[in-house]
Amino acid sequence: MNINSASLPPELLPKIFGFSLNFVDDLLYLFLSHWRIHLTWLQFCSYGLIAGKLIYWLLKLNRVAVALKD
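**Student:** Quick question: what am I supposed to make of the overall build of the chain here?
**Tutor:** Within the chain one finds three helices and zero strands. Secondary structure of the chain in N-to-C order comes out as α-α-α. Looking at the chain as shown, the accessible area adds up to about 6,500 Å², and 70% of this sits on carbon and sulfur atoms.

**Student:** Where do I start with the packing of aromatic side chains in this structure?
**Tutor:** Two aromatic rings, taken as a pair, are described by how far apart their centres are and by the angle between their planes. Taken as a whole and assessed by the stated rule, the structure comprises two aromatic pairs. On the numbers, 5.2 Å between centres and 75° between planes, the contact of Y56 with W57 is edge-to-face. The exposure class assigned to Y56 is partly exposed, which follows from its relative accessible area of 41%.

How each quantity is defined
Residues numbered from 1 in each chain as written. Predicted model: local features only at pLDDT ≥ 70, side-chain atom pairs only at ≥ 80, totals over all residues. Heavy atoms only, no water. Helix = DSSP H or I, 4+ residues; strand = E, 2+ residues; numbered from the N terminus. Areas by Shrake-Rupley, 256 points an atom, 1.4 Å probe, with all protein chains shown as cover. Phe/Tyr/Trp six-rings, centres within 6.5 Å; stacked < 30°, edge-to-face > 60°. Buried < 20%, exposed > 50% of the residue type's maximum accessible area, 1.4 Å probe, protein only.

In structure tokens form, the structure reads like this:
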């Protein structure tokens, strides 16, 4: 199966990126703990990613609301 990124709809790429962000903190924790680097602040990384995504979607929703209002 050959997937060409040019054939994907443009609105699909941000969704894939947003979904993959869910796993960034888990992968960091996994790889760093494998190398025996234990960072206590890393457990709070997921909260930061969730907050960032929430802010992004709220701004996007606000932009759509303003466009519909005009």
